[in-house]
Structure formats: structure tokens, C-alpha cells
Amino acid sequence: MTAYLQAGNSRAVIDLFDSYLSELHHSRGHLSPSDGLPAEGQEEEDSEDFSPEPSSGASTEVPVHNTLLLALITAFAIDNAFHAALRTFLRFPKQLPRGLVKQFLSQFPDASLRSTVGSYVQRLHIARYLSQPRLLTHRTSLLASNLDDTGLQKLYNQIIDGLRGEEAYITVHPAGLTERTPVAVEEINWAAFLTAFLRCDRRDLGVALWNDMSKFGVKPTAISWTALLDGYDGMKTPEDAEKAWNVMIAQGTEPSAMTYRAIISAFFNAREPAGAIRYVQRFQQRLSEGWEADRADCLAVYNTVLHGLLSNGHSGDAHALLQRLREKGPKPDIVSFNTVLQYHGRRGEFRHVSRILDQMSEDGLTGDVYTFSTVLSSLLRIGRTDAADLILSLMRKQNIEPNAAIFSSIIDHQVQEGTEEGLNAGMELLRRMERSPEARPNDVTYTGILAGLHRRQWANATFADECKRYILERMKEQGIRFNRTVYHILLKACLENPAPEGIQEAMGYYGEMVKKKVSLNYDTWYVLLRGVIGREAWDVADELVRDLKRQMIPRGSLENLVSRVRKRMAWKRRLGPNVYF
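Cut-off values and rules
Residues numbered from 1 in each chain as written. Predicted model: local features only at pLDDT ≥ 70, side-chain atom pairs only at ≥ 80, totals over all residues. Heavy atoms only, no water. Helix = DSSP H or I, 4+ residues; strand = E, 2+ residues; numbered from the N terminus. Rg over C-alpha atoms; globule rule 2.2 N^0.38 Å. Contact = heavy atoms within 4.5 Å. Areas by Shrake-Rupley, 256 points an atom, 1.4 Å probe, with all protein chains shown as cover. Lys, Arg positive; Asp, Glu negative; His and termini not counted. Charge placed at Lys NZ, Arg CZ, Asp CG, Glu CD. Axes fitted to C-alpha atoms, helices over the stretch in contact; angles between N-to-C directions. Parallel < 35°, antiparallel > 145°, perpendicular 65-115°, else oblique. Left-handed = near helix turned anticlockwise from the far one by under 90°. Nonpolar A, V, L, I, M, F, W, Y, C, P; charged D, E, K, R; others polar. Salt bridge = Lys/Arg side-chain N within 4 Å of Asp/Glu carboxyl O. Buried < 20%, exposed > 50% of the residue type's maximum accessible area, 1.4 Å probe, protein only. Expected span 1.5 Å × (residues − 1). Phe/Tyr/Trp six-rings, centres within 6.5 Å; stacked < 30°, edge-to-face > 60°. Core = buried A, V, L, I, M, F, W, Y, C linked by side-chain atoms within 4.5 Å.

(A) Looking closely at the overall build of the protein. When its secondary structure is counted, the protein shows 29 helices and two strands. For 581 residues, the compact-globule formula gives about 25 Å, and the C-alpha radius of gyration of the protein, at 28 Å, lands near that figure. For the protein, the C-alpha atoms occupy an extent of roughly 80 × 70 × 65 Å along the three principal directions. Put simply, of all contacts in the protein between residues at least 6 apart along the chain, 68% involve residues at least 24 apart. Put simply, the protein shows about 28,100 Å² of open surface, and 50% of that area lies on carbon and sulfur atoms. Looking at charge distribution, the protein has the averaged site of its 69 positive side-chain charges lying 4 Å from that of its 71 negative ones.

Structure below.
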């Protein structure tokens with residue numbers, strides 16, 4: 001295929017690809033799971049895509065090598081046939097790693113062709129996101145959680161570009177898909193970007209998105225308005241949420257139950273319970289008038305109200321609401337009870353905790369990991385030295401046989417409490433696991449505890465260090481080796497620790513990875529740089545950038561982080577010694 005492409009014979013490449021597909025289809029019944037898949041290491045994650053491949057909704061076609069797919073895309077680029085490339089690619093939607101694309105294109109001296117193929121690949125990746133909405137939601141959420149507004153804006157602009165021009169390949173009308181526009185920006189996509197922009201405190205981008213929706217003829221429904229209210233909730237600006245609500249009503253949009261949940265949450269989280277209760281009353285008024293809202297959504301509203309009442313000191317009203325739900329519905333679920341359990345558990349009010357457990361039993365509900373961890377914490381707060389035994393007894397009473405997953409989750413919750421009592425209880429449960437043939441701890445158990453220990457500064461540092469040493473020794477004894485994923489978890493945890501030892505321990509793990517020749521990929525560098533930049537450890541960040549550039553060319557979000565470090569260090573050099581004063 002390469003020879004044909006270098007000769008500009010695109011037709012021969014397309015014919016070869018069709019023959020390859022015919023052969024695969026013919027022999028598909030005899031394929032092993034590895035046939036047709038890339039060689040190990042070839043599926044290295046792209047620097048702009050942290051998203052896992054979806055388990056459902058993906059192509060049912062036979063698997064195709066990345067290099068063959070790239071060859072076909074190049075053939076279509078020679079013919080200036082982007083839409084043909086798009087139709088074929090959507091049969092085999094996958095992320096084509098940047099490194100592989102660059103290596104493949106290096107065979108062609110024609111810079112114009114390389115640029116065209118690069119543009120095709122970028123747009124095809126956007127089409128993949130839109131054809132599998134879960135990927136786009138995951139991506140925007142990840143960028144927002146990292147406060148990467150630059151990456152969000154770039155991704156959003158790429159989608160907007162796909163709506164315009166002669167080679168537009170995206171539509172805003174899901175019901176109007178065509179051969180030329182086979183993918184659509186659905187309202188849930190607009191909503192995801194809107195929430196993400198506001199989470200990054202980029203009102204300007206939120207306003208631009210709202211204007212774009214109007215420009216492309218997209219009328220916001222309750223989905224978009226709910227996303228807007230969620231954004232204002234995150235920004236703790238209930239006054240803006242209320243203004244948006246009034247505009248929504250004026251435009252004739254009927255709020256959904258989840259829209260009510262969003263504005264109620266906005267007021268509660270801003271410590272304005274009176275405003276929240278006003279909207280709770282409006283919600284209940286609509287229900288009394290015969291409005292048929294989804295039961296699960298209604299319960300989500302009431303669970304938000306329970307949490308809001310408790311967090312604002314209205315525990316009596318919260319208990320009255322819980323009882324009313326038990327009697328009149330919608331029946332409270334495990335989330336409802338756990339919300340109230342957590343409130344009283346944190347205060348060591350075990351009488352209330354015991355009463356809530358009885359109510360759960362009366363309603364036929366079985367506790368989950370969160371329930372048992374909350375009860376354990378409550379028992380520890382009242383000084384029960386037999387807390388672990390009582391929890392195991394409670395679990396068996398509810399016909400739950402503790403296994404490794406349940407134990408690991410409870411231990412994780414206890415360590416996250418950040419108290420010496422919680423850590424002690426977690427370590428006690430770990431030792432019980434180690435003695436139990438049915439619930440032996442695994443790498444997930446040990447890694448979770450170690451990350452929890454690294455994540456914070458402990459009041460009893462000596463005890464915490466003893467626990468770290470114990471975990472490391474047990475992992476070594478059991479032959480559990482640190483792979484790249486484990487190192488990423490530990491690096492992130494260390495860098496979240498605001499104490500000086502946090503960055504010291506992170507750099508220790510980094511040095512360990514280098515010494516053991518563990519492959520440092522895009523994610524490794526992103527975790528490291530984002531963590532040290534967040535701590536404003538610019539000298540360390542500068543050293544990391546130097547190491548990084550000896551291994552790879554940073555792109556995408558990683559390139560943005562490198563740019564921030566370079567700009568900061570240039571500023572420090574210009575100021576000289578004055579930077580310290």
C-alpha cells in the first residue's frame with residue numbers, strides 16, 4: 001500500500017483495502033480475538049484522548065489494523081474525498097495515536113499531503129466523539145475536572161468548525177443525518193460543554209456557546225437550562241441561577257424535575273436555604289397539580305433536599321422529609337438513608353445511626369459499602385474498640401458475605417476520613433483480610449491504602465509512615481509489582497498532599513520509574529506536570545519539562561502545560577533576584 005500511495009495511486013489502495021475486508025469477512029468465523037488487531041503497544045493512547053473504548057455501541061465490523069486504516073485515509077486525502085474517508089472511518093471508529101500517525105506520514109515527502117491527512121485524522125476523531133456520545137461527555141468532564149479551559153475551547157472549536165463550510169460533516173439536527181453529515185451535535189453535548197465551561201469559570205465561553213446554539217437554530221430545552229443552572233451551582237452564584245430560571249420561564253420552557261434539582265442545589269450549596277425551600281415548594285405544588293414527573297428524577301430532587309437541609313443545619317426538617325417519603329413516596333433509596341447516616345455518623349450520634357439502620361431494615365433495604373463505612377466511622381467516634389467486629393456482624397445479619405471488593409472499599413473510605421481512628425480501623429480490616437482465605441487483599445487494596453496515606457498530611461506522621469512501610473513490605477512479599485497505572489495513582493496522590501513531603505515522595509516515585517525503566521507515556525507527564533504546576537513548584541516543573549523534551553514532543557493539553565512552565569520560567573529569569581521579594 002505504501003508504494004501505491006507514494007506513487008499517488010489511490011485507487012489501488014482502496015481496492016486492496018476492500019479485498020482485505022472481504023478476506024476478513026470470509027474468515028471471520030475462524031478469527032481468534034487477536035486477529036486483525038494491532039500489535040502490542042500499537043494502541044498507545046493518543047495525547048488528546050484519555051477515553052476508554054466503549055463497551056457498547058461500537059462498530060460491529062471486523063477489526064482493522066491502525067496502519068491499514070491510515071493508508072485508506074491517505075488514499076482518500078489524495079482524492080480530496082474527506083466524506084468518503086468519514087463514511088469508512090465510522091465503520092471502524094477508533095483513536096489513531098499521534099505517534100503512529102506521525103510515523104506513518106514520515107514516509108511521504110509531500111508536506112501538503114501530510115497536512116491534509118493530519119487534518120482528516122483530526123476531524124475523524126471529532127466524528128468518533130460525536131458518534132459515541134459517552135466519549136465526548138467523558139472527555140469534557142475530564143478536561144473540566146483538570147480546569148483545562150484551553151483544551152475545552154479547542155475541542156469545542158473543532159466541533160463548531162465541523163458545522164460550517166463546504167466540507168461540513170456535522171449537523172445540529174440528530175433526526176437529519178445524511179451521507180455528508182453522518183454525525184450530530186446533540187443537546188446533551190451542548191449541555192456538557194456549557195457545564196464544563198462554567199466549571200472552569202469561563203463565563204465568556206458559556207455565553208459564546210449559548211450564542212452559537214441560537215446561530216445554528218438550536219432551541220434550548222430543559223436539558224440545556226439544567227446544565228446552565230448546574231454551572232452556576234458550581235460557581236456558588238444562586239442569583240445568576242435565578243435570573244436564568246426566570247428567562248427560561250419567560251421563553252416558555254417547562255422545567256424538568258432535574259431542573260428543579262439544579263436550582264435547589266444552587267441555593268443550598270450557597271448557604272441560602274430559604275431560596276432553596278421556595279423552589280422545593282414550587283416543585284411540590286406542580287406535583288400536587290397532577291404533573292407526572294419521572295419517579296427516579298423526583299427522588300433525586302428529594303435526595304438533594306435531604307442533603308441541603310442537613311448541610312444547612314435543618315436536621316429536624318430532613319428527618320420529617322425522610323419520614324414523609326417513607327409514608328407517601330417516592331420511597332427513599334439507599335442514597336437517601338446514607339445521606340442521613342453520614343450526617344449523624346460524623347457527629348458520633350450513634351442512636352440516630354442505629355434508628356436509621358432500623359428504618360432501612362423495615363423498608364427492605366440492604367446497606368452498601370458506603371453504609372457500612374459510615375457506621376464503622378460512627379462506632380469509632382464513640383470509642384468502640386470492637387467496631388470492626390460489629391460491622392462484620394451487621395453485614396452478615398443483612399446476608400452480605402464480606403469479600404475483597406467490599407473490604408477494600410470500606411478500608412478506602414476509612415483512610416479517606418483522614419483520622420487516626422479511621423486509619424487504625426482500615427489497617428485492622430486489612431489484617432483481617434490477610435487472615436481470610438475468602439477475602440485476600442489484592443493489588444487494588446494495597447494501592448488504594450497507599451494512595452490514601454500519601455494524599456494527606458497526617459497528625460500522627462510516625463503511625464502513617466509505619467503503615468506505608470507495612471503496605472510496601474506486604475506488596476513486596478506477595479510479589480505485587482508497581483506498573484505504570486499504579487505509579488500514576490501514587491504520583492497523583494502525592495501531589496495532592498499540600499505538605500512538602502508530598503512533592504518529595506512524588507519525585508521519589510518518578511525517580512523509581514526512571515530507574516526501573518518503566519515507560520513514561522503522555523499520561524505520566526500530564527499527571528506530573530499538572531501536579532507540580534498546581535503546587536507552583538516551578539523549578540521542579542522546569543526540570544520535568546527538560547526530561548520530557550528528551551523523550552517526546554508534547555502536544556495537545558500536555559503542550560499547554562509545558563507552555564505555562566516555559567512562560568513562568570522566562571518571567572522569573574527576566575525579574576532575576578527580584579522575583580523572591
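(B) Here's a closer look at the packing of helix H21 (residues 404-416) against helix H22 (residues 420-435). At a minimum axis distance of 8 Å, the contact between H21 and H22 shows a crossing angle of 160°. Accordingly, the angle class assigned to the pair H21 and H22 is roughly antiparallel. For H21 against H22, the interelement crossing comes out left-handed. Contacts between H21 and H22 involve Ala-404, Phe-407, Ser-408, Ile-410, Ile-411, Gln-414 and Val-415 on the former and, on the latter, Gly-422, Leu-423, Ala-425, Gly-426, Leu-429, Leu-430 and Met-433. For the contact of H21 with H22, the class distribution of residues is 10 nonpolar, four polar and no charged.

(C) Examining the pattern of salt bridges more closely. The full count for this structure, using the stated rule, is 27 salt bridges. A salt bridge links Glu-505 to Lys-468; the nearest nitrogen and oxygen atoms lie 2.9 Å apart. Taken together, the residues span a long stretch of sequence, with Glu-505 in helix H26 (residues 500-515) and Lys-468 in helix H24 (residues 461-477) at a distance of 37 residues. The class for Lys-468 is buried, based on a relative accessible area of 11%.

(D) Structural context of the side chain of Asn-303. Turning to its location among the elements, Asn-303 is positioned in helix H15 (residues 295-311). With residues near it in sequence (within four places) discarded, Asn-303 still touches Asp-333, Val-335 and Ser-336.

(E) Just the environment of Ala-184, in detail. Topologically, Ala-184 is positioned in strand E2 (residues 183-184). When the C-alpha positions of Ala-184 and Arg-456 are compared, they lie 44 Å apart, and in sequence the two are 272 residues distant. Residues contacting Ala-184, with those up to four places away along its chain left out, are Leu-130, Ile-170, Thr-171, His-173, Pro-174, Leu-177 and Asn-189.

(F) Main features of helix H12 (residues 238-250). With 13 residues, H12 should reach 18 Å at 1.5 Å per residue; the first-to-last C-alpha distance of 18 Å fits that figure. Summarising the contacts, the buried residues of H12 are in contact with helix H10 (203-215), helix H11 (222-234), helix H13 (257-269) and helix H14 (273-288). Phi for Gly-252, located one or two positions after H12, is positive at around 85°.

(G) Highlighting the packing of aromatic side chains. For the structure shown, the criterion picks out 22 aromatic pairs. Summarising the aromatic geometry, the rings of Phe-193 and Phe-197 are spaced 5.9 Å apart at their centres and angled 35° between planes, so their arrangement reads as tilted. A residue pair is termed a helical-turn pair when its members lie 3 or 4 positions apart in one helix, as Phe-193 and Phe-197 do in helix H9 (residues 187-199) at four residues. By relative accessible area, Phe-193 is classed as buried at 3%.

(H) Summary view of the nonpolar core. Counting 179 residues, the largest nonpolar core has Ile-170, Trp-190, Phe-193, Ile-264, Ile-471 and Leu-529 as the members making the most contacts within it. Not counting residues up to four positions away in its chain, the partners in contact with Phe-193 are Leu-136, Thr-140, Leu-152, Leu-155, Tyr-156, Ile-159 and Leu-209.

(I) Region of interest: the environment of Pro-330. Residue position: Pro-330 is located in the loop between helix H16 (315-328) and helix H17 (334-346). With relative accessibility at 17%, the residue Pro-330 sits in the buried group. In this structure, the C-alpha to C-alpha distance between Pro-330 and Ile-263, residues 67 residues apart in sequence, is 20 Å.

(J) Structural view of unusual backbone geometry. The omega torsion across Gly-329 and Pro-330 is -5°, close enough to zero to call that bond cis. Unusually for a residue other than glycine, Asn-399 sits at a positive phi of about 60°. With respect to the helices and strands, the residue Asn-399 is situated in the loop between helix H20 (387-397) and H21.

(K) Focus on the packing of helix H23 (residues 443-454) against helix H25 (residues 484-496). Interaxial distance between H23 and H25 falls to 7 Å at its minimum, and their mutual angle equals 20°. The angle between the axes of H23 and H25 places the two elements in the roughly parallel class. Here H23 runs over H25; the crossing is right-handed. Side by side, H23 and H25 meet where Thr-447, Leu-450, Ala-451 and His-454 of the first sit next to Val-486, Ile-489, Leu-490, Ala-493 and Cys-494 of the second. Here the residues of the contact of H23 with H25 sort into seven nonpolar, two polar and no charged.

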